Amino acid sequence: MDSAQRACWLGAGLFVERESLLPALVDFVSRGRDSEGKAGALVHFLVPKRKPLGDQEWPTAELIALVRAVGARLSSPWDERHGSSGHFLGDSFAIGTKVDALVNNWLDTLAGRVDEEAVAGLRSLADDPALNSWQGRLLRACDDQMRRLRLEAYTPPSLPEIRNALGGGPPAGAADLAALVADKLASLADRIRDGNTDPWQQYWHTDPDDPKGRKVIKPKSEDPCRDALLSDLQLLLEPHDVDAQPEGHHAEDARSDIIAVHATRAIVVEIRKTDSKDLWTAIEDQLIARYTRDPRSGGYGIFLVLWFGADHLRRSPPSGTRPRTREELRRMLEGLLIQEQRRTITVIVVDVSAPAGRIASTGVGRE
């Protein structure tokens, strides 16, 4: 048999002796020459017309192996790197539409499963550089899966929980916990800016040559700033039976800056400074992509920026116009969110900039 015939016979084996023939099929497509041609022949067999052949809701591990075998060798026809009109690495327009239908069928099946194996497997596909052309579709599948997982894990609050929450007690759900943490952070932001004990100063290195310790020279690094904010936040949340801790642990060993936990709910506070290199991308790449998918969060999260002043910005926003005030920065960051994300993601900017006359004459330092 030639390569195309062998691909078809191995493809047929998926329906009659899958457990033994799937490894042989993956090995055949992945090794040797003309791997694109082999994958294309397999796709033509599995999608004879417009829809995939038969019931392909196979075990999770097998679907993941097939996505890798086909997706790494045939690009998504809607790969943005080739323009919105589509680009097909197969022999015709037909192979492009067929591979799209086939891979989407497998991904929809995986997204509909919310067990631990499916969640980890879909995330591993999204992180696989060999599947870059499919990344947009993979991330949407991950989002669909997480929505299903949150719905499955959701337990509506009881009437006593709602009554206690309305009376200032513990939060009654993930949305209530997010609103409570955001409210306490907003109060803390006002206290830092207007407090008569200069609480903003704990976010700066003081001038060792100033005997009164009132002059500052440069901002502290992110961890000390996080710890200073957290110590104050813990005091505000303690009466509500909410525990806030640094470096919350999540799936795939990801660690968030602050995690606020009550019962089975958990809300992440992701922190950045004005001079953070990923200031304009961290909401999407860190908070949303890694932490709000945690089923304990209900999809809610808080992005907090410490504003040290416009002169500390290292990166310009996508619009190119740099913010001059903390309020402008907040509006710009919120503008990066789509409508659905604005319902669940809260952006808070805390002004810790040094007042005029409090910066040492040596100038504002850089880390």
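## A few points about unusual backbone geometry
Part 1 of the argument: Within the chain, Asp34 stands out as a residue other than glycine whose phi angle is a positive 55°.
Part 2 of the argument: One can find Asp34 in the loop between α2 (18–30) and α3 (35–46).
Part 3 of the argument: Its identity is not glycine, yet Ala263 carries a phi of approximately 55°, on the positive side.
Part 4 of the argument: Look at Ala263 and you get exposed, because its relative accessible area is 61%.

## With respect to the environment of Ala260
Part 1 of the argument: Here Ala260 is to be found in strand β4 (residues 255–262).
Part 2 of the argument: Look at Ala260 and you get buried, because its relative accessible area is 1%.
Part 3 of the argument: Along the backbone, Ala260 and Asp190 are 70 residues apart, and their C-alpha atoms lie at a distance of 20 Å.
Part 4 of the argument: Apart from residues lying up to four places away in sequence, Ala260 is in contact with Leu177, Val181, Leu237, Val242, Asp243, Ala244, Arg265, Ala266 and Ile267.

## Thoughts on the environment of Arg272
Part 1 of the argument: Its place among the elements puts Arg272 in strand β5 (residues 265–273).
Part 2 of the argument: Judged by relative accessible area, which is 7%, Arg272 ranks as buried.
Part 3 of the argument: The sequence separation of Arg272 and Tyr300 amounts to 28 residues, and the corresponding C-alpha distance is 18 Å.
Part 4 of the argument: A polar contact is formed between the side chain of Arg272 and the side chain of Asp278, at a distance of 2.9 Å.

## Quick word on the pattern of salt bridges
Part 1 of the argument: As enumerated under the stated definition, the model contains 19 salt bridges in all.
Part 2 of the argument: A salt bridge links Asp108 to Arg137; its shortest N-O distance comes to 2.4 Å. A residue pair is termed long-range when its members are at least 10 positions apart, and Asp108 in helix α5 (residues 93–111) and Arg137 in helix α7 (residues 135–153) qualify at 29 residues.
Part 3 of the argument: Residue Asp108 is classed as partly exposed on the basis of its relative accessible area of 43%.
Part 4 of the argument: According to the relative accessible area criterion, Arg137 is buried, its value standing at 14%.
Part 5 of the argument: Taken together, the shared-partner salt bridges connect Asp257, Glu270, Arg272 and Asp278 into one network.

## Observations concerning helix α9 (residues 174–194)
Part 1 of the argument: The terminal C-alpha atoms of α9, which comprises 21 residues, lie 30 Å apart, in line with the 30 Å expected from a rise of 1.5 Å per residue.
Part 2 of the argument: The set of residues buried in α9 consists of Ala174, Leu177, Ala178, Leu180, Val181, Ala182, Lys184, Leu185, Leu188, Ala189 and Ile192.

## Points about the packing of aromatic side chains
Part 1 of the argument: Overall, the coordinates contain two aromatic pairs when judged by the stated rule.
Part 2 of the argument: For the pair Phe15 and Trp58, a centre-to-centre distance of 5.5 Å together with 70° between the ring planes defines the contact as edge-to-face. Within this pair, whereas Phe15 is found in helix α1 (residues 3–16), its partner Trp58 is found in the loop between α3 and α4 (60–71), the two being separated by 43 residues in sequence.
Part 3 of the argument: For the ring pair Trp204 and Phe308, a centre distance of 5.4 Å and an interplane angle of 70° mean the geometry is edge-to-face. Taken as a pair, Trp204 in strand β1 (residues 204–206) and Phe308 in the loop between β6 (301–307) and α12 (326–335) lie far apart in primary sequence, 104 residues in all. Of the two residues, Trp204 and Phe308, both sit in the buried class.
Part 4 of the argument: Above the ring of Phe28, the side-chain terminus of Lys38 is found at 4.6 Å from the ring centroid.

Here is what the cut-offs are and how they apply
Residues numbered from 1 in each chain as written. Predicted model: local features only at pLDDT ≥ 70, side-chain atom pairs only at ≥ 80, totals over all residues. Heavy atoms only, no water. Helix = DSSP H or I, 4+ residues; strand = E, 2+ residues; numbered from the N terminus. Buried < 20%, exposed > 50% of the residue type's maximum accessible area, 1.4 Å probe, protein only. Contact = heavy atoms within 4.5 Å. Polar contact = N/O pair within 3.5 Å; in protein donor to acceptor, adjacent residues only side chain to side chain. Salt bridge = Lys/Arg side-chain N within 4 Å of Asp/Glu carboxyl O. Expected span 1.5 Å × (residues − 1). Phe/Tyr/Trp six-rings, centres within 6.5 Å; stacked < 30°, edge-to-face > 60°. Lys NZ or Arg CZ within 6 Å of the ring centre and 35° of its normal.

Take it as geometry only, folks, not as evidence of what the structure does.
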